[in-house]
Amino acid sequence: MGLLACARGIVIQQKALDVSNRLADNFRWSTGRRNAFRHSYWMGLMTVHGFTYDDAVTLGVAHEKDTDTQGELPGSADSNADLHNNSVGARIGVDVRPWYVAATGVGATAKHEKELEDRLMLMVGGGVPGRGPAAPEKGPASYISVCTRDGWLIMIEPGK
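Undergrad: Give a description of the overall build of the chain that names residues and reports values.
TA: Regarding its fold elements, the chain presents 6 helices and 2 strands. In sequence order, the secondary structure elements of the chain are arranged as α-α-α-α-α-α-β-β. Every one of the 160 residues in the chain was classed for burial, and the buried ones make up 43%. For the chain, the accessible surface area stands at approximately 8,000 Å², while carbon and sulfur atoms represent 58% of it.

Structural data, given as structure tokens:
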């Protein structure tokens, strides 16, 4: 994977951040839900737009290694959840994209992005405010989101 692909990944990452922040603000999602959606949506967008599954996941691993924040270091619960969610998002993106995008790297549309978003919204509990389904009432915790045909995401709530 070259420098141009990495730059495209960063542009796509910003779009995923913008969309996840908009949805999280609209639905009053917790930090864990926002983060789970953001990671899976970022990887999904990359594969929808022509990255291979392996290249998308490799960029996700590089992102996880590029931190010195306590609690987010590689091997932590937060980092492991992010890696799982990255893999789920990349797989769904491959499933959503048309065959010709995989062959040419072009042709994904807003319709494909919306299908990815909708499938991931189901997994994080959509418009339910707060921590969402399966979440404990209070305190730091990890929990698994709603299981759908696409699998499940892991959400980690930071300690207060």
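Undergrad: Tell me about the packing of aromatic side chains, and name the residues and values.
TA: All chains considered together, the criterion is met by 4 aromatic pairs. Ring geometry for Phe27 and Trp29: centres 6.3 Å apart, planes at 25°, overall stacked. Given the relative accessible area of 28%, Phe27 is considered partly exposed. Taking the relative accessible area as the measure of exposure, Trp29 reaches 6% and is therefore buried. Aromatic side chains Trp99 and Tyr100 sit 5.7 Å apart centroid to centroid with 85° between the ring planes, which places their arrangement in the edge-to-face category. For Tyr100, a relative accessible area of 33% corresponds to the partly exposed category. Aromatic ring contacts, followed pair by pair, group Phe27, Trp29, Phe37 and Tyr41 into a single cluster.

Undergrad: Requested: an account of the packing of helix 1 (residues 3-27) against helix 2 (residues 31-48), with residues and values cited.
TA: Helix-helix packing: each pair is described by the crossing angle between the helix axes and the interaxial distance. Two numbers describe how helix 1 lies on helix 2: the axes approach to 8 Å, and their chain directions differ by 140°. The crossing of helix 1 and helix 2 is right-handed. Counting all contacts with helix 1, which are made through Gly9, Ile12, Gln13, Lys15, Ala16, Leu17, Val19, Ser20, Asn21, Leu23, Ala24 and Asp25, the residues of helix 2 involved are Arg34, Phe37, Arg38, Tyr41, Trp42, Leu45 and Met46. The residue inventory of the contact of helix 1 with helix 2, partitioned by class, reads 11 nonpolar, 4 polar and 4 charged.

Undergrad: Which residues make up the side chain of Ser40, and what values do they have?
TA: If you trace the backbone, Ser40 turns up in helix 2. The class of Ser40 is buried, set by a relative accessible area of 0%. Each residue touching Ser40, except ones within four places of it in the same chain, is listed here: Asn85, Gly89, Leu120 and Leu153.

Undergrad: Describe in detail unusual backbone geometry, supporting the description with residues and values.
TA: Working note: non-glycine residues mostly have negative phi, and peptide bonds are mostly trans. The phi torsion at Arg28 lies on the positive side, around 55°, for a residue other than glycine. Along the chain, the position of Arg28 falls in the loop between helix 1 and helix 2. Judged by its relative accessible area of 56%, Arg28 falls in the exposed class.

Definitions and cut-offs
- Counting restarts for each chain: residues are numbered from 1 in the order of the written sequence.
- For this predicted model, a pLDDT threshold of at least 70 governs which residues receive local features, and a threshold of 80 or more governs which side-chain atom pairs are given and counted, while totals over whole chains, interfaces and linings are taken from all residues.
- Only hydrogens and water are set aside; all other atoms, that is, all heavy atoms of the structure, feed into the side-chain values.
- Only runs of H or I of at least four residues qualify as helices and only runs of E of at least two qualify as strands under DSSP, and these elements are numbered from the N terminus.
- Think of it in three bands: residues with accessible area under 20% of the maximum for their type are buried, residues over 50% are exposed, and the middle band is partly exposed, with areas taken using a 1.4 Å probe on protein chains only.
- Throughout, the Shrake-Rupley method with a 1.4 Å probe supplies accessible areas, and for residues the shown protein chains are the sole cover considered.
- Centres within 6.5 Å make a pair out of two Phe, Tyr or Trp rings, where for Trp the six-membered ring is used; the pair is then stacked when the planes are under 30 degrees apart, edge-to-face when over 60, and tilted otherwise.
- Lines fitted to the C-alpha atoms define the axes, with helices restricted to the stretch that makes contact. Angles between their N-to-C directions range from 0 to 180 degrees.
- In this scheme the handedness of a crossing depends on how the near helix is turned from the far one: anticlockwise by less than a right angle means left-handed, clockwise means right-handed.
- Here, residues are in contact when the closest pair of their heavy atoms is within 4.5 Å.
- Asp, Glu, Lys and Arg are counted as charged, while Ala, Val, Leu, Ile, Met, Phe, Trp, Tyr, Cys and Pro are counted as nonpolar; the rest, among them Gly, fall into the polar class.

Purely spatial values, then, with no claim about function.
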